[in-house]
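Structure assessment
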Amino acid sequence: MVSDELNEMYEEIVMDHYHNPRNTEFLSKPDYEVEKNNPFCGDEIKLQISLDQNQKIVVSVTGRGCAISQASGSLMAEKINLLPYKELQSNVDLFRKLIRDEMLSEEELDSLGDVSALSGVRKFPVRIKCAMLSWVALEEIIKKNN
Ligand code: ZN
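The text that follows walks through the structure, step by step, so that each part is easy to find. (Residues numbered from 1 in each chain as written. Predicted model: local features only at pLDDT ≥ 70, side-chain atom pairs only at ≥ 80, totals over all residues. Heavy atoms only, no water.)

1. What to know about the packing of aromatic side chains
According to the stated counting rule, one finds two aromatic pairs in the structure shown. Plain terms: the ring middles of Tyr32 and Tyr85 are 5.9 Å apart, the flat faces sit at 35 degrees to each other, and that makes the pair tilted. Pair noted here: Tyr32 is in strand S1 (residues 32-38) and Tyr85 is in the loop between helix H2 (67-80) and helix H3 (88-99), with a separation of 53 residues, a long-range link. Taken individually, Tyr32 and Tyr85 each receive the classification buried, so the pair is uniform in this respect. (Phe/Tyr/Trp six-rings, centres within 6.5 Å; stacked < 30°, edge-to-face > 60°. Helix = DSSP H or I, 4+ residues; strand = E, 2+ residues; numbered from the N terminus. Buried < 20%, exposed > 50% of the residue type's maximum accessible area, 1.4 Å probe, protein only.)

2. Side note on the coordination of the zinc ion
Bound to the zinc ion are the protein donor atoms Cys41 (SG), Asp43 (OD), Asp43 (OD), Cys66 (SG) and Cys130 (SG), situated 2.1 to 2.8 Å from the metal. By relative accessible area, Cys41 is classed as partly exposed at 31%. On the basis of relative accessibility, which here comes to 0%, the residue Asp43 falls in the buried class. (Donors = N, O, S within 2.8 Å, 3.2 Å for Na, K, Ca; no water.)

3. So, the sheet that holds strand S2 (residues 43-51)
Judged by pairing direction, the sheet is antiparallel, and its three strands sit side by side in the order S1-S2-S3 without closing on themselves. Each of the sheet's edge strands pairs with one partner strand only, and the pair in question is S1 and strand S3 (57-64). Here the strands of the sheet are splayed against their neighbours by 15 degrees on average, with no regard to which way each runs. Here S1 runs beside S2; their pairing, made up of seven bridges, is antiparallel. In the strand pairing of S2, Lys36 is matched with Ile45. Packed onto the sheet, H2 meets S2 and S3 and runs at close to 175 degrees relative to S3. (Pairing = 2+ DSSP bridges. Axes fitted to C-alpha atoms, helices over the stretch in contact; angles between N-to-C directions. Contact = heavy atoms within 4.5 Å.)

4. A word on the packing of H3 against helix H5 (residues 125-144)
Packing of H3 against H5 brings their axes to within 10 Å, and their N-to-C directions diverge by 160 degrees. Here H3 lies roughly antiparallel to H5, going by the angle between them. Crossing of H3 against H5: the hand is left-handed. Facing H3, whose interface residues are Leu88, Gln89, Asn91, Val92, Asp93, Phe95, Arg96 and Ile99, H5 presents Ile128, Ala131, Met132, Trp135, Leu138, Glu139 and Ile142. For the contact of H3 with H5, the per-class residue count stands at ten nonpolar, two polar and three charged. (Parallel < 35°, antiparallel > 145°, perpendicular 65-115°, else oblique. Left-handed = near helix turned anticlockwise from the far one by under 90°. Nonpolar A, V, L, I, M, F, W, Y, C, P; charged D, E, K, R; others polar.)

Have a look at this one:
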């Protein structure tokens, strides 16, 4: 019963981000930009990142595709916007743990916030690529700049 309610709440969060994606404002001069697509589903994501004077990031995510891919991009954007650049990789790692159903501590779950609404995706292996798309894009930017 409790888990049904939880699923419903999670679904609401995901659908809200799909219909009203956050941080979609295009950055005209981003410091980093990457486009990724998931040919298995037809999903496309464009990720832009700028760094402000304090090494905090400003993020823009746009794209098209299935609800999971687009909601995941929006949830990621909301989560990482204004974070220090050096904290990005740990967020990618956490999300990967969530999707792979690895054990997360209470603290880690808390720090993911609404992003944890995507945890249900792990039951649907074909959707994992959709959910990971924007995070893989983020990781590509981090790796290029290490
Ligand atoms: Zn998809």
